[in-house]
Amino acid sequence: MEPGSGDADIENILNIRHLSIDNAENNFSKKTAAKSGRPRAKIFSTELTNCLALDCEFVGIGPHGKEHMLARVSIVNERAEVILDTYVKPQKAVIDYRTEISGIRPELMAEGQDYGAVRETVKLLLQGRILVGHALKNDLLVLNLRHPRNMTRDTSRYHPIARRIRALGTPSLKSLSKLILGEEIQIGTHDSVQDATATMKIYLIFQEEWEKSMRKSSTHRYRHR
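Just so it is clear, the model here is predicted, and its values are computed rather than measured.

Criteria and thresholds
Residues numbered from 1 in each chain as written. Predicted model: local features only at pLDDT ≥ 70, side-chain atom pairs only at ≥ 80, totals over all residues. Heavy atoms only, no water. Phe/Tyr/Trp six-rings, centres within 6.5 Å; stacked < 30°, edge-to-face > 60°. Helix = DSSP H or I, 4+ residues; strand = E, 2+ residues; numbered from the N terminus. Buried < 20%, exposed > 50% of the residue type's maximum accessible area, 1.4 Å probe, protein only.

> Would you take a moment to explain the packing of aromatic side chains for this structure?
A complete count under the given rule lists three aromatic pairs for this structure. Ring geometry for Tyr 158 and Phe 206: centres 6.3 Å apart, planes at 80°, overall edge-to-face. Here Tyr 158, found in the loop between strand S6 (152-154) and helix H6 (159-164), pairs with Phe 206, found in helix H8 (residues 192-223); they are 48 residues apart in sequence, far enough to count as distant. A relative accessible area of 10% means that Tyr 158 is categorised as buried. Between the aromatic rings of Tyr 158 and Trp 210, the centroid separation amounts to 4.0 Å while the plane-to-plane angle is 5°, which identifies the pairing as stacked. Separated by 52 residues along the polypeptide, Tyr 158 in the loop between S6 and H6 and Trp 210 in helix H8 bring together distant segments of the chain. Here the two residues Tyr 158 and Trp 210 agree in accessibility, since each one is buried. Each member of the aromatic cluster is reached from another via a ring pair, and the members are Tyr 158, Tyr 203, Phe 206 and Trp 210.

Have a look at this one:
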């Protein structure tokens, strides 16, 4: 799956009048852009479920390319349907595209969306929803976004998941996918759609137990105020 650009699509999704976020059915209303022949952002007309999984790909900036900059962002819903998948134009000079890991190439970012538009789109989509992901701190940092802690489900930080695979430290998403889902991911370059899908599948396996623990924690905090 190769996302690209498509200004009409991104404008549609940013326009609240074309999103049925507040209605009972909680679905996108689709407005199809005319075909341009250029690579297009993969923005789909599909259901905005209560939980959305996010994953990003980064490139390196700053001294020796050690700092992260957003290059691609993908969001899937509870049925692993793609809500958003797009490359992002560089905001600063790229020192290392990390192509062998990220799959990002200069021409893909050059055809991507404006960072500000992507950030606002992600912010709008996640508003009021449970955010699922792996090591979400990094994704939110490059997006310059915050999400309520009680609405965040990070598969790298939920101890029952680590215990399931007997991980001694923080488990990688690759190991979680193999040992819990029986699926091999990140063979060669990473794919943010594939990674977001894996985190959503893992979350759904633990969802009942996880949400019960969140409710218990919330009740405990309330009683001790």
